[in-house]
Amino acid sequence: MKKKIPEYVKYAASIVPSERQLKWHEMEFYAFMHYGMNTYTNSEWGSGNEDPELFAPEKLDCRQWAKLCKLSGMRGIILTAKHHDGFCLWQTKYTDHSVASSKWKDGKGDVVAECAAACREFGIKFGIYVSPWDRHEATYGSGEAYNEFFRNQLRELLTNYGELFCVWFDGACGEGKNGRKQEYDWESYYALIRELQPDAVINVCGPDVRWCGNESGVCRKSEWNVVPYYHSNHELIASASQKDISKPPKTVNPTALDLGSRKVIRNCNKLIWYPSEVDVSIRKGWFYHPDDDYNIKPLTKIMQIYYNSVGANASLLLNIPPMPEGRINEKDVETLLSVGAQLEIDFNENLAEGSIITDNRHLDEKHTGQMALSGNPEEYWHSGDEPEGAELILDLGDEYDIDKIVLGEHIRTGQQIEKFSLYAKIDGKWKKLAAETIIGYKRICRFDEIRVRYFKLVINKARCFATISKFEAY
Ligand code: FUL
């Protein structure tokens, strides 16, 4: 007899991503560029009293940044247009604390414009970080006057630099010039972004993409896309964010390890699609410090972070801080190029392409197991309404050496799978390779290399049904 699905499970299964979130899921791996006044004062948080003339790039080369990101397998750049010190990297009409007051290009330069153009040239997307916390601006802490100032600045960034894939708001909210704190009018900031850049996601202190909760490159074993609404609450995000420059958030709060299992969502009456992003720096700090030249994360560490984020239904936002001259240091370049090369090797040829998948059940002829191999994310296998015990068997046609299987759900119809197992047929017997919880947009299962022809995916538990739109073997 078919099991009755509880109402709260049906509700969770009905939550789906917006179009802009769907596009963002496909970004997977992209860069953060922390660059600005702090680059020239060798600091992480500026006071807002810095002399704009300190900003003096000699060889600013955003093309080098964008080309490097492209070669490293990244799909976009998010630039710190303004950090907490309030110094603006673009030509803004609303303050003179900007590139316009520096000697760089006789005050006519615009880093945001150069970076946006370089991203377009190399075929990657562009996004901005703008800090609402502004330690320079005199109206900060005054209420509506600052909110208006901030919206004016946002409007410039949202209209003058082409399409943005993301607006990134961090959770830090400190004191302004005269010890006053600002009450941000978040809803009005969001409304402006929706109006002027409807395709841009708003991350962290925003409704679209969730901060993983630390800055050390770790995410949860189960990163649910559907979580209680209160996780997008600004005060909650701000309280977990950095409040003291000497204490960056290192680990996920252990009470927040499970955000979306049945146990957590059972008594929650509002859920949202709020997927996770892992932000981490290639160096110790977010900004460039010469002392960190020998403190760059090695290839193995970055690949570990990649597999534990992109491979576990999160995205990876890797920070690369440019040097005062305006270029990325050769040591970071070398590491990042090796990341790009490693990704090329790891995902060189999908051996499941052109193979056969059989299933033990499917919704209808348009949703057979074979559809998981079509390569089109909109075509997928659908289990029908009895997902538990559904199986897909992948026949590669011959034996190959494999150490990775990549799976993906058709998330446009929600996140459904709660538990799955993966097997390989060795000497006529099914050997278990992985037993995990969620799949979501992407799950990469890694195991010791084996010579194998058949793989089996078993759905052990799901919400209303199960889908698979990606089944790859490397
Ligand atoms: C934090 C900021 O305080 C850090 O300086 C950095 O920009 C990080 C990404 O976000 O909230």
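A quick note: this is a predicted structure, and the numbers were derived from the prediction, not measured. (Residues numbered from 1 in each chain as written. Predicted model: local features only at pLDDT ≥ 70, side-chain atom pairs only at ≥ 80, totals over all residues. Heavy atoms only, no water.)

This part is about the overall build of the chain. The helix and strand tally for the chain stands at 11 helices and 18 strands. The globule rule puts the C-alpha radius of gyration for 474 residues at 23 Å, and the 23 Å found for the chain is close to it. For the chain, the residues scored as buried account for 60% of the 474 residues in total. Across the chain, the fraction of contacts at a sequence separation of at least 24, relative to all contacts at a separation of at least 6, is 78%. Of the roughly 19800 Å² of accessible surface on the chain, a fraction of 49% belongs to carbon and sulfur atoms. Separation of charge centres in the chain, based on 59 positive and 69 negative side chains, amounts to 5 Å. (Helix = DSSP H or I, 4+ residues; strand = E, 2+ residues; numbered from the N terminus. Rg over C-alpha atoms; globule rule 2.2 N^0.38 Å. Buried < 20%, exposed > 50% of the residue type's maximum accessible area, 1.4 Å probe, protein only. Contact = heavy atoms within 4.5 Å. Areas by Shrake-Rupley, 256 points an atom, 1.4 Å probe, with all protein chains shown as cover. Lys, Arg positive; Asp, Glu negative; His and termini not counted. Charge placed at Lys NZ, Arg CZ, Asp CG, Glu CD.)

Turning next to the site of the ligand. In the vicinity of the ligand, the contacting residues are Phe32, His34, Trp45, His83, His84, Tyr129, Asp170, Glu215, Gln242 and Trp286. Trp45 is positioned with one of its side-chain polar atoms (N or O) 3.1 Å from an oxygen atom of the ligand. Within the side chain of Asp170, one N or O atom sits 2.8 Å away from an oxygen atom of the ligand. Look at the ligand: alone it shows 290 Å² of surface, and the protein chains cover 98% of it. (Near = heavy atom within 4 Å. Polar contact = N/O pair within 3.5 Å; in protein donor to acceptor, adjacent residues only side chain to side chain.)

Let us look at the packing of helix α10 (residues 299-309) against helix α11 (residues 330-346). Viewed as axis vectors pointing N to C, α10 and α11 meet at an angle of 55°, and their least axial separation amounts to 10 Å. In terms of orientation, α10 and α11 fall into the oblique class. Relative to α11, the crossing made by α10 is right-handed. Along its contact with α10, which presents Leu299, Ile302, Met303, Tyr306 and Tyr307, the element α11 presents Thr335, Ser338, Val339, Gln342, Leu343 and Asp346. Along the lines of polarity and charge, the residues of the contact of α10 with α11 split into seven nonpolar, three polar and one charged. (Axes fitted to C-alpha atoms, helices over the stretch in contact; angles between N-to-C directions. Parallel < 35°, antiparallel > 145°, perpendicular 65-115°, else oblique. Left-handed = near helix turned anticlockwise from the far one by under 90°. Nonpolar A, V, L, I, M, F, W, Y, C, P; charged D, E, K, R; others polar.)

Turning our eyes to something else, we now look at the domain arrangement of the chain. For the chain, the assigned domains read domain 1 (9-346) and domain 2 (350-473). Of the residues lining the interface, 30 residues belong to domain 1; the matching set on domain 2 comes to 23 residues. Taken together, both faces of the contact between domain 1 and domain 2 bury some 2200 Å²; the carbon and sulfur share is 53%. The three residues of domain 1 that bury the most area against domain 2 are Trp224, Arg262 and Tyr307, which together make up 25% of that side's buried surface. Across the contact surface, domain 1 and domain 2 share four salt bridges. For Lys221, the salt bridge identified is with Glu436, shortest N-O distance 3.1 Å. Those elements giving two or more residues to the side of domain 1 that touches domain 2 turn out to be α1 (7-13), α2 (19-25), α9 (262-265) and α10. Residue contributions to the side of domain 1 that touches domain 2 peak at four residues, all from α1. Here the side of domain 1 that touches domain 2 is built from residues that sort into 15 nonpolar, seven polar and eight charged. (Domains from an automatic or database assignment. Buried area = accessible area lost by both parts, 1.4 Å probe. Salt bridge = Lys/Arg side-chain N within 4 Å of Asp/Glu carboxyl O.)

In this model, the largest pocket occupies a volume close to 680 Å³. Glu44, Glu215, Pro248, Lys284 and Trp286 are, among the 33 residues lining the largest pocket, the residues nearest its centre. No other element matches strand β9 (residues 276-281), which puts three residues into the lining of the largest pocket. Of the residues in the lining of the largest pocket, the class split is 13 nonpolar, 11 polar and nine charged. (1 Å grid on protein atoms, 1.4 Å probe; cavity = no way out; pocket = protein on both sides within 12 Å on 5 of 7 lines; lining within 4 Å. Points joined across faces, edges and corners; volume = space filled by probe spheres on them.)

One finds Phe55, Trp65, Ile77, Leu79, Val111 and Phe169 to be the most contacted residues of the largest nonpolar core, which totals 106 residues. Two domains share this core, each providing at least three of its residues, namely domain 1 (9-346) and domain 2 (350-473). Among residues more than four places away in sequence, those in contact with Ile77 are Ala31, Met33, Trp65, Ala66, Cys69, Cys115, Cys119, Ile124, Lys125, Phe126, Gly127 and Phe165. Listed in part, the 32 residues of the second largest apolar core include Ile357, Ala372, Phe420 and Ala462. (Core = buried A, V, L, I, M, F, W, Y, C linked by side-chain atoms within 4.5 Å.)

Overall, parallel pairing links the eight strands, which are arranged β5-β4-β3-β2-β1-β10-β9-β6 in an open sheet. Looking at the sheet topology across the chains shown, the edges are occupied by β5 (201-204) and β6 (210-211). Where strand β1 (residues 29-33) and strand β10 (residues 314-319) come together, four bridges link them in parallel fashion. In the sheet register, Tyr30 faces β10, and the bridge partner there is Leu317. Across the sheet, helix α6 (residues 144-159) touches β2 (76-82), β3 (125-130) and β4 (166-169), and the angle it forms with β2 is around 140°. Along the sheet, α10 contacts β1, β9 and β10; its crossing angle with β10, the most-contacted strand, is approximately 150°. (Pairing = 2+ DSSP bridges.)

Turning our attention to empty space enclosed by the protein. Rolled over the atoms, a probe sized like a water molecule indicates the empty space that remains. All told, the structure shown has three cavities of 30 Å³ or more when counted by the stated rule. In terms of lining, the largest cavity is formed by Arg20, Lys23, Trp24, Met27, Lys125, Glu163, Leu164, Phe165, Asp199 and Val201. Across the lining of the largest cavity, the residue classes break down as five nonpolar, no polar and five charged. Estimated volume of the second largest cavity: approximately 50 Å³. Taken together, Trp24, His25, Glu28, Pro275, Ser276, Asn313, Ala314, Ser315 and Tyr441 form the lining of the second largest cavity. Sorting the residues of the lining of the second largest cavity by element identifies α2 and β10 as the ones contributing at least two each. Split by residue class, the lining of the second largest cavity holds four nonpolar, four polar and one charged.

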